[in-house]
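Each chain, letter by letter, is given below.
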Amino acid sequence: MTEILPLSEAIARHVPDGASVALEGFTHLIPFAAGHELIRQGRRDLHLIRMTPDLIYDQLIGMGAARRLTFSWGGNPGVGSLHRLRDAVEKDWPRPLEIDEHSHAGMAAAYRAGAARLPFGLLRGYIGTDLPAHNPNIRRIHCPYTGEELATVPALNPDVTILHAQRADRHGNVAIEGIIGAQREAALAARFLIVTVEEIVNELPPAMNGVLLPHFVVGAVSHCPAGAWPSYAQGRYARDNDFYLRWDDIARDRGRFSEWMRRHVQGTADHRAFIQSLRRAAA
Amino acid sequence: MTEILPLSEAIARHVPDGASVALEGFTHLIPFAAGHELIRQGRRDLHLIRMTPDLIYDQLIGMGAARRLTFSWGGNPGVGSLHRLRDAVEKDWPRPLEIDEHSHAGMAAAYRAGAARLPFGLLRGYIGTDLPAHNPNIRRIHCPYTGEELATVPALNPDVTILHAQRADRHGNVAIEGIIGAQREAALAARFLIVTVEEIVNELPPAMNGVLLPHFVVGAVSHCPAGAWPSYAQGRYARDNDFYLRWDDIARDRGRFSEWMRRHVQGTADHRAFIQSLRRAAA
Amino acid sequence: MSDYSRDEMMTVAAARMLWNGCVCFVGIGLPSAACNLARLTHAPDLVLIYESGTIGTRPTVLPLSIGDGELAETAACVVPLPDIFSDYLQAGRVDVGFLGAAQIDRLGNLNSTVIGPYAKPRTRLPGAGGAPEIAAHAKQVFIVMKASPRSFVTALDFQTSGGHFEGRSKSGARGGGPAVVVTDVGILKPQASGEFALAAAYPGIPADEARAAIGWKLAIAPQPETIAAPTAVELAALRALQARTAAAHREPVRLPIQ
Amino acid sequence: MSDYSRDEMMTVAAARMLWNGCVCFVGIGLPSAACNLARLTHAPDLVLIYESGTIGTRPTVLPLSIGDGELAETAACVVPLPDIFSDYLQAGRVDVGFLGAAQIDRLGNLNSTVIGPYAKPRTRLPGAGGAPEIAAHAKQVFIVMKASPRSFVTALDFQTSGGHFEGRSKSGARGGGPAVVVTDVGILKPQASGEFALAAAYPGIPADEARAAIGWKLAIAPQPETIAAPTAVELAALRALQARTAAAHREPVRLPIQ
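Below is a summary of the structure that appears in this document.

Cut-off values and rules
Residues numbered from 1 in each chain as written. Chains lettered and ligands numbered in written order. Predicted model: local features only at pLDDT ≥ 70, side-chain atom pairs only at ≥ 80, totals over all residues. Heavy atoms only, no water. Salt bridge = Lys/Arg side-chain N within 4 Å of Asp/Glu carboxyl O. Helix = DSSP H or I, 4+ residues; strand = E, 2+ residues; numbered from the N terminus. Buried < 20%, exposed > 50% of the residue type's maximum accessible area, 1.4 Å probe, protein only. Contact = heavy atoms within 4.5 Å. Buried area = accessible area lost by both parts, 1.4 Å probe. Polar contact = N/O pair within 3.5 Å; in protein donor to acceptor, adjacent residues only side chain to side chain. Nonpolar A, V, L, I, M, F, W, Y, C, P; charged D, E, K, R; others polar. 1 Å grid on protein atoms, 1.4 Å probe; cavity = no way out; pocket = protein on both sides within 12 Å on 5 of 7 lines; lining within 4 Å. Points joined across faces, edges and corners; volume = space filled by probe spheres on them. Pairing = 2+ DSSP bridges. Axes fitted to C-alpha atoms, helices over the stretch in contact; angles between N-to-C directions.

All right, on to the pattern of salt bridges then. Overall, the coordinates contain 60 salt bridges over all chains when judged by the stated rule. We note a salt bridge from Arg67 of chain A to Glu98 of chain A, for which the minimum N-O separation is 3.9 Å. On the criterion of sequence distance, the pair formed by Arg67 of chain A in strand S4 (residues 66-71) and Glu98 of chain A in strand S7 (residues 98-101) is long-range, its members being 31 residues apart. A salt bridge links Asp208 of chain D to Arg211 of chain D; the shortest N-O distance between them is 2.7 Å. You can see Asp208 of chain D and its partner Arg211 of chain D sitting in helix H6 (residues 207-213), 3 residues apart, about one turn around the helix. Judged by relative accessible area, which is 54%, Asp208 of chain D ranks as exposed. When salt bridges that share partners are traced, they join Arg112 of chain A, Arg184 and Glu185 of chain B together with Asp83 and Asp87 of chain D into one network.

Dropping the structure here:
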């Protein structure tokens, strides 16, 4: 049975220190509210997994919540660097960060293998790149028919995957519309799946060929309007490109970053209070 | 550029004798009209590929068009045997038929590998079954991380895949609604893709998360209303369950089968004439 | 309720084994009837998966094929067939898978491939379909077959899918294998050895009749149960479902062609 | 047209290389601008694939990120990201892939991973993203980078993706590798050895200026072309696109929260 419960409880019950956690969403539907709740609850030693770490992992890393990062592209899209990620890798601040680095194609294959509960993913990839020389997780096998060499990656099976979506129903079925990146695969690969949603409805209409995660793969659903901000939710609100630009300034400086997190994330009770706190600061 | 042309031309130009051909569609959208056109044009030595051979392959096999069959379940769904398939396997009539037999999971993995242009598909499958003892295409490899043994199947890359769909636009984009089985994978695995459609429209609306085959993967589109009969097209017409029952009688006897094919398929110019011929016979 | 058929008893007995919320991988025929009967009676939140790709299907009539339009229209969602086999069945998300076959042996191994030698069969059967992986990966397998000495055999002509075969635990199979064989003469369950024995009888069908219908020397489980006859509610629901189905399937097909 | 920037020249030059019907795997920034400019001018049936999963996208404004809502709303379809990489890119269906990087060497190998040693970098860059497989499998790769001796180097700190590296033909890479490097000081193309040489100059930018901006000893291709300046039509289309984009991105975000 899918639990329907407040985000703070979902995180408290299902994401312990040391867990491997994938907050997925490719530009779209990034579960920012859930990431902030991990910070509020002071999680430590997380193994963070995500194709594109984005601002939410910059925040988690900068707050010292992460021990290890599995990823394939770590930048502020269209803006530049993730300064907190850089600071952790370059200067071990606030703590050293282990790196398990892939290409997008490799991460996608690893999630897909995880979703199918196969132990590894297969791709014709990692060709002409130094990545395999630095990541022992990237290996090669020979095709049992043609003899050719192909790349492998170990399956990704996060302890917890967290997504944001537009709608769930009271049974825990989750409907997603728009760009889905590797969300479906990350969801099905998880040992436990938490989904924050813009809206909980009584019944979802039949999705036919649309994207729906059936309730028996969903562990917990939390109602969290605007839970993807500053990312976006197709059909609900747009991406806050301006905040992505402003983040570059906030995150560049350790002190300014820490103060921002203290004030707006640690100093607020939940996502609604977080948004209100930002609005007060901007007013 | 996708060619938009009559079905007879599409078959004449793109499906030579000896080709490997996959007519896919899992119960839904089975491309019967295209199969009949293969029979009208007297194709020989085909390697037929299809998860569930269904009536259309019973007809092709009974007419001696096939040299080899790759499949995973060969029955008349809900009715019983495919008598022409049985006659070919049991008694070599009208000619011997090579068998490349799989499970559904194996065929699905093989199509998916074909779609991705990987040389083989991987599954935790063919466990507790004698199939691998009789099919040298089913092999085993060891996981490079855990050492466990997994099954492999060679990728399926048909020379031609033929599908039926509800709609195409004039660019050759194809939209499919409803049960899609392994159609998407079979389409993307093909060296050349032919799609018969109920309707050709000027422009298709954006499909968002719906099923759409983009024009650059579609070789040819042919307008062919009712082209899936006696299978069905979601939203257009229902499955003709009664014909599936009647086929059991028609196909049971070599003579009756041959006469039926001569009269209704070989004796008609196209799919419309075929349907009209059946209606006359029923009247 | 005195007047019911053996098929109805089988269907009702199978339906009763399904619990609310159970995720079922459903085949056509009796399993589909049993699952939908359960859904329409005691298990409204039963989740039906058909291998064609429909998840959470709630048909009002029974499908004749595994991919009827009714299944797509009433499904929570329709996904590609490869996803069903990799991300649902192989991933271990199916609680109960149903299987039937032409032959079964005492360990619940099944044959739906050939009678006679594989290369030159006397009877070519439809083949494996989803069976090998359902048998391997569903958490439990429910087998439904009418009993006869020709079907319940001491040795299979071909093993299409595995039951409690030797080495199962190290084979990579993730599920527990067949938990029950529902027949028209009683219900068999595996004993510690993996061999199926008569574990429950239907009203009015003595153990001797079951023994006569099974090709191997059928053991009787310790303390066999007796299954209650179908209730009026169960029979009414099943018969109404079948009547709706028959009516729906009598509707003529209208083609978009003159 | 006399008054245009070097960025505009680069964008127009890149756009002109795209043909109608060409299937492009597009990155954000200049490649996205070039592709959409081509689509809005001479190549209306250009097919844009963004790695986020949108196929056949026809945005009216440029996306700021690779997964903007505008891309989904105007796409022929949106598919899962893993499909993009396996069934489109790896399957060899992409005609042109675009790449940029922090460093490029004379063979078109690229670095977007680190400056300094990998284990303890001086500068940690964003990393590979789609680059290794785009570089391997797109039929052609177009590289777009502003030229400077710090970026166009004799030796990469890290090879993120492969150009015309030794052994490419036996590596499993299915595409032809980088066909061109579009810079702000001219256009480089690979010679028989795989080394990039100046193949075309922009109006008013002498070869010496290009040589000074390239860290390796830049060869001049036999018979280098001169690229025509942007036409009024091209500039108008590009500037209108950028103006629409700026206006769209000024619209405030409205959240469903009080």
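Let's pick the thread back up.
Time to look at the interface of chain A and chain B. Contacts between the two partners involve 28 residues from chain A, matched on the other side by 28 residues from chain B. Interface area, chain A with chain B, both sides summed: about 2300 Å², of which 67% is carbon and sulfur. It is Phe120, Tyr145 and Asn209 of chain A that lose the most area in chain A upon contact with chain B, and together they represent 30% of the buried surface on that side. Along the contact surface separating chain A from chain B lie 0 salt bridges. At the boundary of chain A and chain B, one finds 12 residue pairs in polar contact (both at pLDDT 80 or more). Among the elements of the structure, strand S8 (120-123), strand S9 (139-142) and strand S10 (149-154) of chain A are those that each provide at least two residues to the side of chain A that touches chain B. Ranked by residues supplied to the side of chain A that touches chain B, first place goes to S10 of chain A with 4 residues. A per-class count over the side of chain A that touches chain B returns 17 nonpolar, 6 polar and 5 charged.

Size it by volume and the second largest pocket reaches roughly 1300 Å³. What lines the second largest pocket is a set of 45 residues, and nearest its centre among them are Trp73 of chain B together with Ile28, Gly100, Ala101 and Pro126 of chain C. Contributions of two or more residues to the lining of the second largest pocket are made by strand S6 (80-81) of chain B together with strand S1 (23-26), helix H2 (30-40), strand S5 (96-99) and helix H5 (131-137) of chain C.

Our focus in this paragraph is the sheet that holds strand S1 (residues 23-26) of chain D. Residues and elements named next belong to chain D. On the basis of which strands lie adjacent, the open sheet formed by 10 strands has the order S4-S3-S2-S1-S5-S10-S11-S12-S13-S14 and mixed pairing. Lying at the two open borders of the sheet, with one neighbouring strand each, are strand S4 (77-78) and strand S14 (220-226). In this sheet, S14 lies alongside strand S13 (residues 196-201) in parallel orientation, the contact comprising 3 bridges. If you follow Leu198 over to S14, its bridge partner there is Ile220. Across the sheet, helix H2 (residues 30-40) is in contact with S1, strand S2 (47-50), strand S5 (96-99) and strand S10 (140-144); its angle to S2 comes to roughly 155 degrees.

This brings us to the environment of Ile143 of chain C. Residues and elements named next belong to chain C. Along the chain, the position of Ile143 falls in strand S10 (residues 140-144). Along the sequence, Ile143 and Pro178 sit 35 residues apart, while their C-alpha atoms lie 6.8 Å from each other. Setting aside anything within four residues of it in sequence, one finds Ile143 in contact with Leu99, Ile104, Gly108, Leu110, Pro178, Val180, Val181 and Val182.

To continue, consider the interface of chain A and chain D. The interface of chain A with chain D comprises 56 residues on the first partner and 53 residues on the second. Of all residues in chain A, Arg124, Ile127 and Ile179 of chain A give up the largest surface area on contact with chain D, accounting jointly for 15% of the area buried on that side. In this structure, the connection of chain A to chain D is made through 3 salt bridges. Two residues, Asp83 of chain D and Arg112 of chain A, come together in a salt bridge whose shortest N-O distance is 2.5 Å. Linking chain A with chain D are 26 residue pairs in polar contact (both at pLDDT 80 or more), by the criterion used here. Broken down by secondary-structure element, the contributors of at least two residues to the side of chain A that touches chain D are helix H4 (83-91), S7, helix H5 (104-115), helix H6 (131-134) and helix H10 (271-282) of chain A. Here the side of chain A that touches chain D gets 5 residues from one element, more than from any other, and that element is H10 of chain A. Looking at the side of chain A that touches chain D, its residues break down into 23 nonpolar, 19 polar and 14 charged.

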